[in-house]
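What follows is each chain in one-letter form.
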Amino acid sequence: MMHDTLDTTADLVRQENVARILDCAERLFRHYGYGKTNVADIARELGMSTANIYRFFASKVEIHQAVCGRMLATCYQLTYDACHSPGTASDRLRRYVQTHYQWTRDTMLDQEKVHEMVVVAIERDWHVIEKHIDRIRGLVEEVIREGIAAGEFADQDPEVASRCFGAAIITLCHPQMVAQCLAKNNRAMPDELIEFAIRALKK
């Protein structure tokens, strides 16, 4: 029993240290840029030795991956909550896209520019991002499936429909596209695009 208690305490301490490192790294990545921040900077900010950071993460890349993984987990939870909220399938899809769009603007952009750490993650094409996209698409597919069953959407393959829906709203979800479209006057407005994509499911 005492051994289990010690293990639990050690795990909690480790989790706290990991969270502190990731919080600090994300703050420095956002403020100074990913390229200008190194592990020594993170250690200095936390009052730790660089060697202590390496006890938890093997490299700056690993820290970056963990920071991005945390961001994607938040995004998934927001999407899950929207897709399981009250209302019709249309209501839930609308809520999902609106929430995702606002989260992208608030989290991944700084004065209409994509944070460098986000750009680096996209350019490195990490499998974790592809897995995240598949998980989000799965949630959307389920909502569309329910909309078809309720007679709200036209009879169609929900998997194909979810892929097409995702492609239709990509400029509201992909951070680089969101940034590019913010200052443009000749682009569809978010609400216009959302309604267009939902109407397409009903035809």
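Structure: see above.
Summary of the structure given here. (Residues numbered from 1 in each chain as written. Predicted model: local features only at pLDDT ≥ 70, side-chain atom pairs only at ≥ 80, totals over all residues. Heavy atoms only, no water.)

**Some details on the state of the cysteines**
Alright, step 1. Here the structure, examined in full by the defined rule, presents zero disulfides.
Alright, step 2. As a non-bridged cysteine, C24 has C68 as the owner of its nearest cysteine sulfur, 16 Å distant.
Alright, step 3. No disulfide involves C75; its sulfur sits 7.8 Å from that of C173, the nearest cysteine.
Alright, step 4. For C75, a relative accessible area of 2% corresponds to the buried category. (Disulfide = S-S within 2.5 Å. Buried < 20%, exposed > 50% of the residue type's maximum accessible area, 1.4 Å probe, protein only.)

**Here's the deal with the pattern of salt bridges**
Alright, step 1. All told, the structure shown has 12 salt bridges when counted by the stated rule.
Alright, step 2. Across the salt bridge formed by E26 and R30, the nearest N and O atoms sit 2.9 Å from each other. Highlighted residues: E26 and R30, both in helix α1 (residues 2–32), separated by four residues, approximately one helical turn.
Alright, step 3. For E141, the salt bridge is made with R145, and the minimal N-O distance between the two is 2.5 Å. Of the two residues, E141 and R145 both sit in helix α7 (residues 127–149), four residues apart, roughly one turn of that helix.
Alright, step 4. Where salt bridges share partners, they join D23, E26, R30 and R70 into one cluster. (Salt bridge = Lys/Arg side-chain N within 4 Å of Asp/Glu carboxyl O. Helix = DSSP H or I, 4+ residues; strand = E, 2+ residues; numbered from the N terminus.)

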